[in-house]
Amino acid sequence: MNIASQRPPRWFWVVALLLLLWSAAGVFAYYAHMTVDQKTLAAMSAYDRAAYLRLPVWFGYVFALAVLPALAGAVALLLRSKFAWPLYALSLIGVIVQFGWVFGATDLIAAKGAAATVPFPLMIFVLAVVQLWLAGVAIRRRWIS
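Bear in mind the structure is a predicted one, so any value in this text is a computation, not a measurement.

**Focus on helix 1 (residues 10-34)**
With 25 residues, helix 1 ought to run about 36 Å at 1.5 Å a step, and its terminal C-alpha atoms sit 36 Å apart, in line with that. Of the positions making up helix 1, those classed as buried are Phe12, Ala16, Leu19, Ser23, Gly26, Tyr30 and His33. At its buried positions, helix 1 is contacted by helix 3 (46-53), helix 4 (58-78), helix 5 (84-105) and helix 8 (119-140).

Here it is in structure tokens:
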């Protein structure tokens, strides 16, 4: 593995570590989503239960595409590897497809309102863009290679 020729600033390491923690939380959310049992389903509202049960099979794969490459991208950043950029690009694609389907193919906003449903997915999208941007900056500044 090539070691990048420029030392990253301290803030880079702090941000990369925070992105690792954020991505780990995303993987935990994916695990929780994929392991919903009857008890958890029973505790959901009728709307949420029906929405969960109507999810297409491919949704789980897209969710995985959103979170697993992001985790690997954070590790790549910490290892100063340029593979962070394509991993974050894959993650962003997963985020766009996942939330594009949720907001475009369901009545979630009509049922629960935009204020209750849009902010967190919007934050996830913004952070996915920031991760990709940071990896690009790190490559251009030769902090990673």
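**Quick look at helix 5**
Compared with an ideal rise of 1.5 Å per residue, which puts 22 residues at 32 Å, helix 5 spans 31 Å between its outermost C-alpha atoms and is within 8% of the ideal. All of the buried residues along helix 5 are Ala84, Tyr88, Ala89, Ser91, Leu92, Gly94, Val95, Gln98, Phe99 and Val102. Contacts from the buried residues of helix 5 go to helix 1, helix 4, helix 6 (108-112) and helix 8.

**What about the packing of aromatic side chains?**
The description of an aromatic ring pair rests on the distance of the ring centres and on the angle between the ring planes. Counting across every chain of the model gives 10 aromatic pairs. Ring geometry for tryptophan 22 versus phenylalanine 120: centroids 6.1 Å apart, planes at 70°, classification edge-to-face. Taken together, the positions of tryptophan 22 in helix 1 and phenylalanine 120 in helix 8 put the pair 98 residues apart, joining distant regions of the chain. Judged by centre distance (5.7 Å) and plane angle (55°), the rings of phenylalanine 59 and tryptophan 101 are tilted. Residue phenylalanine 59 is located in helix 4, and its partner tryptophan 101 is located in helix 5; the two are separated by 42 residues in the primary sequence. A relative accessible area of 5% places phenylalanine 59 in the buried class.

**Quick look at the layout of surface pockets**
Volume-wise, the largest pocket comes out at about 1100 Å³. For the largest pocket, the lining is made up of 40 residues, of which Phe59, Phe63, Gln98, Phe99 and Val102 are closest to its centre. Where the lining of the largest pocket is concerned, the elements lending two or more residues are helix 1, helix 3, helix 4, helix 5, helix 6, helix 7 (114-117) and helix 8. Considering each element in turn, the lining of the largest pocket owes the most residues, 8 residues, to helix 5. The class makeup of the residues in the lining of the largest pocket is 28 nonpolar, 8 polar and 4 charged.

**Quick notes on the packing of helix 4 against helix 5**
Between helix 4 and helix 5, the shortest axis-to-axis distance is 7 Å and the interhelical angle comes to 150°. Regarding the angle of helix 4 to helix 5, the classification is roughly antiparallel. Our pair here, helix 4 against helix 5, has a crossing hand that is left-handed. Residue classes in the contact of helix 4 with helix 5 are distributed as 21 nonpolar, 4 polar and no charged.

**Let's talk about the side chain of threonine 117**
Relative to the helices and strands, threonine 117 resides in helix 7. Among the residues examined, threonine 117 registers a relative accessible area of 8% and is labelled buried. There is a polar contact of 2.9 Å between the side chain of threonine 117 and the backbone oxygen of glycine 113. Discounting residues that sit within four places of it in the chain, threonine 117 has contacts with Phe103, Leu108, Ile109 and Lys112.

**Things to note about the nonpolar core**
With 30 residues, the main nonpolar core has Phe12, Leu19, Leu77, Ala84, Tyr88, Val95 and Ile144 as its most contacted residues. Residue contributions to this core peak at 9 residues, all from helix 4. Apart from the residues lying within four places of it in its own chain, the contact partners of leucine 77 are Phe12, Trp13, Ala16, Leu19, Ala84, Tyr88, Leu134, Ala135 and Ile144.

So, how was this worked out
- Residues numbered from 1 in each chain as written.
- Predicted model: local features only at pLDDT ≥ 70, side-chain atom pairs only at ≥ 80, totals over all residues.
- Heavy atoms only, no water.
- Helix = DSSP H or I, 4+ residues; strand = E, 2+ residues; numbered from the N terminus.
- Expected span 1.5 Å × (residues − 1).
- Buried < 20%, exposed > 50% of the residue type's maximum accessible area, 1.4 Å probe, protein only.
- Contact = heavy atoms within 4.5 Å.
- Phe/Tyr/Trp six-rings, centres within 6.5 Å; stacked < 30°, edge-to-face > 60°.
- 1 Å grid on protein atoms, 1.4 Å probe; cavity = no way out; pocket = protein on both sides within 12 Å on 5 of 7 lines; lining within 4 Å.
- Points joined across faces, edges and corners; volume = space filled by probe spheres on them.
- Nonpolar A, V, L, I, M, F, W, Y, C, P; charged D, E, K, R; others polar.
- Axes fitted to C-alpha atoms, helices over the stretch in contact; angles between N-to-C directions.
- Parallel < 35°, antiparallel > 145°, perpendicular 65-115°, else oblique.
- Left-handed = near helix turned anticlockwise from the far one by under 90°.
- Polar contact = N/O pair within 3.5 Å; in protein donor to acceptor, adjacent residues only side chain to side chain.
- Core = buried A, V, L, I, M, F, W, Y, C linked by side-chain atoms within 4.5 Å.

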